[in-house]
There are 4 protein chains.
Amino acid sequence: MSDFWKTSISRVRPNEILVRGYPIEQLTRHCSFGEVVYLLLTGDLPKGNEGRLVEAILVSCCEHSLAAPSADAVRFVASSGVPLQTAVAAGISAIGDVHGGAIEPCAKILQRAAAEKKSGEAVLRELKTAGQRMPGYGHPVHSNDPRTAVLLALADEWKLAGKHTRLGKEIEDATVKVMGRRLPMNVDGAIAALMCDLKMAPALGKAFFIISRAPGYIAHAHEQMTQEKPFKAARHEEIAYTGPARRDVLPVPSAAPTPPPNAPEL
Amino acid sequence: MSDFWKTSISRVRPNEILVRGYPIEQLTRHCSFGEVVYLLLTGDLPKGNEGRLVEAILVSCCEHSLAAPSADAVRFVASSGVPLQTAVAAGISAIGDVHGGAIEPCAKILQRAAAEKKSGEAVLRELKTAGQRMPGYGHPVHSNDPRTAVLLALADEWKLAGKHTRLGKEIEDATVKVMGRRLPMNVDGAIAALMCDLKMAPALGKAFFIISRAPGYIAHAHEQMTQEKPFKAARHEEIAYTGPARRDVLPVPSAAPTPPPNAPEL
Amino acid sequence: MSDFWKTSISRVRPNEILVRGYPIEQLTRHCSFGEVVYLLLTGDLPKGNEGRLVEAILVSCCEHSLAAPSADAVRFVASSGVPLQTAVAAGISAIGDVHGGAIEPCAKILQRAAAEKKSGEAVLRELKTAGQRMPGYGHPVHSNDPRTAVLLALADEWKLAGKHTRLGKEIEDATVKVMGRRLPMNVDGAIAALMCDLKMAPALGKAFFIISRAPGYIAHAHEQMTQEKPFKAARHEEIAYTGPARRDVLPVPSAAPTPPPNAPEL
Amino acid sequence: MSDFWKTSISRVRPNEILVRGYPIEQLTRHCSFGEVVYLLLTGDLPKGNEGRLVEAILVSCCEHSLAAPSADAVRFVASSGVPLQTAVAAGISAIGDVHGGAIEPCAKILQRAAAEKKSGEAVLRELKTAGQRMPGYGHPVHSNDPRTAVLLALADEWKLAGKHTRLGKEIEDATVKVMGRRLPMNVDGAIAALMCDLKMAPALGKAFFIISRAPGYIAHAHEQMTQEKPFKAARHEEIAYTGPARRDVLPVPSAAPTPPPNAPEL
């Protein structure tokens with residue numbers, strides 16, 4: 001057996017599927033999807049309420065209507081005569097650095113700062129000096145994101161909020177002093193803090209939106225395919241053209257003639 | 001407000017996100033992810049254990065190691081220097097008609113046959129006469145799929161198995177008589193029967209694999225990016241070339257010369 | 001060497017790349033991209049002007065502004081903080097059955113009808129009887145598609161228009177009689193006829209749009225990334241919500257309690 | 001007309017398609033695909049042989065057999081029962097930072113160094129001091145890449161090689177002195193130098209592989225779909241499992257019980 005196909009995630013043999021060592025039928029009977037997500041992403045089942053918090057995070061981010069580039073992309077692709085999974089994949093591919101992408105850099109900042117026992121104010125001042133913004137704070141639509149509040153409350157109730165979440169709140173408080181106005185922690189910031197307290201790798205920051213939005217994209221693709229007309233596109237009358245005016249293709253006398261196709265090498 | 005941006009799935013306003021009418025913070029606090037998947041795909045929250053069954057289905061299909069085209073695609077794409085979501089999207093896009101794709105046609109057959117009160121044997125005989133195969137039965141690796149057994153058992157315990165599941169089992173029994181050997185219901189077949197009993201549209205058949213495999217693809221992409229070398233590809237020594245032997249590009253004397261680039265219209 | 005990695009398309013060895021047998025440096029020096037596309041898709045270099053016609057087809061379809069679902073998808077994905085190729089892939093994935101997808105079924109109809117020496121009128125009458133539409137005719141924006149005219153003219157000049165193209169024109173003429181109004185051959189229909197006369201497999205019908213639009217999608221992604229703001233999305237004020245009014249999540253007293261996470265099998 | 005749909009790339013009106021101002025029928029008749037790619041990516045038609053060089057670059061990179069992550073991804077996705085464009089999109093999405101991705105950073109280095117009139121040796125010494133590698137040099141398979149040689153020769157013949165190409169060659173020569181062995185310019189390096197001399201933006205570096213490989217991916221998807229069996233995947237016997245041994249899901253007595261689904265807010 002070569003090294004080409006190698007994984008620690010699961011093993012398949014006839015009539016046996018192990019995920020991180022656990023038989024799939026035991027996981028199916030005893031574990032929530034949140035616990036299994038935790039298992040897949042960290043390698044072990046949670047010892048307490050971690051799976052419930054993962055599940056709550058997944059629920060909280062499942063939809064943001066058409067006010068998201070990814071959901072809009074799903075609708076256009078779904079209108080073009082493709083199977084369901086093709087439209088969903090286009091949505092997943094748009095979970096980019098500015099769309100669910102603040103979790104990872106925010107988690108990295110929180111992880112490093114917590115390890116170095118920095119205060120929230122110190123974190124913000126250092127970023128300001130470096131000319132950088134703190135990811136995970138502020139939102140273009142929500143001044144008081146309902147998702148942040150419920151996630152932080154549940155983490156408290158389930159005894160899962162730790163030093164990263166405390167630091168995250170401290171940073172929000174410090175925005176008043178350092179930036180001159182309160183920048184509330186948004187849902188990306190809350191997930192970043194919680195995933196650090198859950199001991200998940202910051203590089204997995206986009207995982208939550210990817211999993212959470214998948215059923216939403218499916219719903220959007222299905223609605224587009226069953227309730228709307230095919231070929232959703234901007235109408236030509238509504239497109240502002242900002243390029244050059246109509247012009248003709250002109251001869252280029254100086255250009256060397258193209259050799260005949262398949263001409264022999266000289 | 002035009003009709004261009006229109007959806008019944010969710011509504012976003014400042015500090016409010018409603019999913020199918022329900023405030024996101026209430027869903028986050030009170031509902032499992034399985035219940036919210038049910039809500040997104042059917043339009044309403046379950047009245048009983050339906051969300052638990054959805055959750056069990058999602059857990060049961062979460063991984064099948066590298067023995068799946070989609071997971072393999074994830075590994076190659078993840079090795080090429082792309083962000084996490086790009087690799088996951090490639091995996092999602094491969095949930096095709098022969099990879100998680102038996103659920104939809106199986107559900108359509110079960111739905112129609114149950115409505116017409118056909119027996120399992122009649123279903124198989126009609127397909128045989130038409131020269132078609134029954135999707136959702138038989139598996140290349142598992143003769144006794146552990147996922148099927150646990151899902152059917154849970155559906156029984158939770159009083160969610162109905163006429164479609166009964167018909168699905170009847171079809172398995174009838175394979176002995178009609179095909180000459182037992183073709184066991186595979187996990188696609190089980191999900192097809194259960195989704196019909198859950199009153200979900202067969203056109204959503206691929207939804208379960210799409211959502212369920214997403215965390216597995218994330219784990220595979222992350223493992224590839226952190227544990228393996230970049231640029232995973234077949235080595236040229238291992239590729240069997242079956243095309244023409246080396247040959248030279250020859251002149252085509254009869255071909256008309258290509259006009260110079262940008263030549264004027266004649 | 002196993003059969004797992006096997007292809008007739010190209011061979012790579014140290015300092016040698018053969019495409020369908022031809023050394024890459026000879027192809028690069030002597031062949032147009034259109035000729036190499038023909039080589040890749042048919043297995044052989046053209047013997048006459050076929051490469052020029054392929055090239056003309058590729059040029060003719062390269063752009064249709066934002067009046068296309070695929071280009072719109074590219075813009076949304078490109079706005080979300082992803083690399084260039086991710087946005088382009090979303091566009092490619094939207095070359096679906098109703099967006100560049102008429103070429104394949106149109107080519108299949110033309111190929112079969114030409115083999116059976118059917119008239120254009122007979123083709124239309126048979127489709128009408130079967131309640132089906134003729135793909136590749138009519139266009140929502142162009143009553144006289146400029147791409148169709150130039151492609152058919154070039155094919156004539158280059159002696160490449162054959163029986164399929166003649167049949168395609170005959171069908172357009174017959175629409176007056178059979179449908180009561182002239183349905184002009186659109187660019188999909190023209191490409192379908194020409195690809196049949198070029199002896200390319202109808203199953204490759206989407207190839208032309210895929211290749212042709214790729215540079216257009218790149219231009220759109222680049223323009224979005226460099227000229228526009230990130231996070232292109234519908235504004236929440238502009239989205240018509242058609243779902244249920246705000247409602248509360250209610251208790252379900254009859255639902256059995258969920259067992260504790262990780263509870264032992266009973 | 002709002003600003004939401006805005007582009008300088010093309011304009012569509014009934015029976016008129018302008019690309020960067022040029023009517024599509026004129027482009028189709030007079031221009032090569034390489035010239036139109038140049039037009040789309042730079043905004044203007046070439047004044048000399050630039051389109052021929054773009055075309056040569058596109059031909060040179062069209063295929064690298066299965067020895068590429070992207071082509072392998074195409075084969076797996078194409079085997080799973082999806083339409084052609086879905087498989088091609090997976091390949092395009094894998095043109096990542098380590099797969100065709102050296103062009104952009106190499107072009108940026110060449111552009112800056114040429115503007116500052118740095119020598120090849122100075123470029124390498126600065127990178128070495130910073131602990132960075134020079135992208136675009138060296139290749140795991142080709143010690144003397146046939147694509148590099150022909151592209152540089154054609155650029156010379158067509159008078160298109162300028163200061164960036166000269167600097168690129170100088171860097172290759174300097175590798176002997178600075179690195180102790182000759183690291184030959186690979187095809188990424190050659191394209192990087194040529195695109196700078198063609199005055200194309202380095203951020204478009206991946207454009208060449210995206211466009212060039214598209215027909216190759218189509219050929220691979222078509223070959224997979226027509227010549228191979230569905231469901232290409234690693235066989236379970238060939239997968240090395242490196243995770244935990246089989247273990248049972250154990251109870252977690254301390255975990256708080258999950259509330260019933262849909263329980264009322266307390």
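How each quantity is defined
- Residues numbered from 1 in each chain as written.
- Chains lettered and ligands numbered in written order.
- Predicted model: local features only at pLDDT ≥ 70, side-chain atom pairs only at ≥ 80, totals over all residues.
- Heavy atoms only, no water.
- Helix = DSSP H or I, 4+ residues; strand = E, 2+ residues; numbered from the N terminus.
- Buried < 20%, exposed > 50% of the residue type's maximum accessible area, 1.4 Å probe, protein only.
- Contact = heavy atoms within 4.5 Å.
- Axes fitted to C-alpha atoms, helices over the stretch in contact; angles between N-to-C directions.
- Parallel < 35°, antiparallel > 145°, perpendicular 65-115°, else oblique.
- Left-handed = near helix turned anticlockwise from the far one by under 90°.
- Least-squares fit on C-alpha atoms with pLDDT ≥ 70 in both.
- Pairing = 2+ DSSP bridges.
- Buried area = accessible area lost by both parts, 1.4 Å probe.
- Salt bridge = Lys/Arg side-chain N within 4 Å of Asp/Glu carboxyl O.
- Polar contact = N/O pair within 3.5 Å; in protein donor to acceptor, adjacent residues only side chain to side chain.
- Lys, Arg positive; Asp, Glu negative; His and termini not counted.
- Core = buried A, V, L, I, M, F, W, Y, C linked by side-chain atoms within 4.5 Å.

Before we go on, may I ask you to explain the overall build of chain A in this structure?
Each helix and strand in chain A was counted, giving 11 helices and 5 strands. Each principal axis of the C-alpha distribution contributes one length, and for chain A these read about 75 × 60 × 50 Å. Looking at chain A as a whole, 65% of its 266 residues are labelled buried. When contacts within chain A are restricted to residue pairs at least 6 apart in sequence, long-range pairs at least 24 apart make up 70% of them.

Honestly, the packing of helix α4 (residues 69-78) of chain C against helix α5 (residues 84-93) of chain C in this entry has me stumped. Any pointers?
When two helices pack together, their arrangement is given by the angle between the helix axes and by the axis-to-axis distance. Residue and element names in this part refer to chain C. Contact pair α4 / α5: the axes reach a minimum separation of 8 Å and the direction vectors enclose 155°. Relative to α5, the element α4 is oriented roughly antiparallel. In this structure, α4 crosses over α5, and the sense of that crossing is right-handed. Side by side, α4 and α5 meet where Ser70, Val74, Val77 and Ala78 of the first sit next to Thr86, Ala87, Ala90 and Gly91 of the second.

Looking at this structure, I do not really get the relation of the copies chain B and chain C. What am I missing?
Each copy of the chain is related to the other by a rotation around an axis and a translation along that axis. For these two chains of identical sequence, chain B goes onto chain C by a turn of 180° and a shift of 0.0 Å along the axis, with RMSD 0.0 Å. Between the two chains, the operation in question is that of a two-fold axis. Using C-alpha coordinates, one finds that chain B approaches the rotation axis most closely at Thr86 of chain B, a distance of 3.3 Å. Of the residues that chain B buries at the interface, 100% are likewise interface residues in chain C, meaning the two copies contact each other through the same surface.

Mind showing me how you'd approach helix α3 (residues 50-60) of chain D here?
Three- or four-residue spacings in an α-helix give side chains the same orientation, since the helix completes a turn every 3.6 residues. By the criterion of burial, α3 of chain D is predominantly enclosed, with 11 of the 11 residues buried. Listed in full, the buried residues belonging to α3 of chain D are Glu50, Gly51, Arg52, Leu53, Val54, Glu55, Ala56, Ile57, Leu58, Val59 and Ser60 of chain D.

Can you help me understand the sheet that holds strand β4 (residues 22-23) of chain D in this one?
Where strands meet in a sheet, backbone hydrogen bonds hold them as pairs that are either parallel or antiparallel. Residues and elements named next belong to chain D. If you walk across this open sheet you meet the 3 strands as β2-β3-β4, and the pairing is antiparallel. Each having just a single partner strand, β2 (10-13) and β4 make up the two edges of the open sheet. Looking at chain direction, β2 and strand β3 (residues 16-19) are connected through 4 bridges and run antiparallel. From the neighbouring strand, Val12 faces β3, where its bridge partner is Ile17.

Explain the interface of chain B and chain A here, please?
The parts lose accessible area when they come together, and the size of an interface is often stated as this lost area. The partner chain A presents 94 residues to the 94 residues of chain B that form the contact. Sorting the residues of chain B by area buried against chain A places Asn15, Phe33 and Gln85 of chain B first, and these three jointly supply 9% of that buried surface. Residue Arg29 of chain B pairs with Glu157 of chain A through a salt bridge whose shortest N-O separation is 2.7 Å. Linking chain B to chain A there are 24 residue pairs in polar contact (both at pLDDT 80 or more). The element that contributes the greatest number of residues to the side of chain B that touches chain A is helix α11 (residues 207-227) of chain B, accounting for 12 residues.

In this structure, what is going on with the sheet that holds strand β3 (residues 16-19) of chain C? I would like to understand it.
The 3 strands are arranged β2-β3-β4 (chain C) in an open sheet whose pairing can be described as antiparallel. The sheet terminates laterally at β2 (10-13) and β4 (22-23) of chain C, the two strands that pair on one side only.

Mind showing me how you'd approach the side chain of Arg213 of chain D here?
Residues and elements named next belong to chain D. Turning to its location among the elements, Arg213 is positioned in helix α11 (residues 207-227). No salt bridge is formed by the buried Arg213; the nearest opposite charge belongs to Glu63, separated by 5.7 Å. If sequence neighbours within four positions are ignored, Arg213 has contacts with Cys61, Cys62, Glu63, His64, Ala68, Ser70, His99 and Arg147.

Whenever I open this one, the nonpolar core confuses me. Can you help?
Among soluble globular proteins, nonpolar side chains are generally buried collectively. With 360 residues, the main nonpolar core has Leu27 of chain A, Leu27 of chain B, Leu27 of chain C together with Leu27 of chain D as its most contacted residues. Residues in contact with Leu27 of chain D, not counting those within four places in the same chain, are Val249 of chain A, Val59 of chain C together with Val19, Tyr22, Val36, Leu39 and Leu45 of chain D.

Would you mind showing me how to read the interface of chain B and chain C here?
Listed as interface residues are 57 residues of chain B and, on the opposing side, 57 residues of chain C. Across the chain B to chain C interface the summed buried area is about 4300 Å²; carbon plus sulfur atoms make up 58%. When the buried area of chain B at its contact with chain C is split by residue, Trp5, Arg247 and Val249 of chain B rank highest and sum to 17% of it. Between Glu16 of chain C and Arg246 of chain B there is a salt bridge; the shortest N-O distance is 2.8 Å. At the junction of chain B and chain C, the tally comes to 27 residue pairs in polar contact (both at pLDDT 80 or more). Mapped onto the side of chain B that touches chain C, the elements with two or more residues apiece are β1 (6-7), β2 (10-13), β3 (16-19), β4 (22-23), α1 (24-30), α5 (84-93) and β5 (240-241) of chain B.

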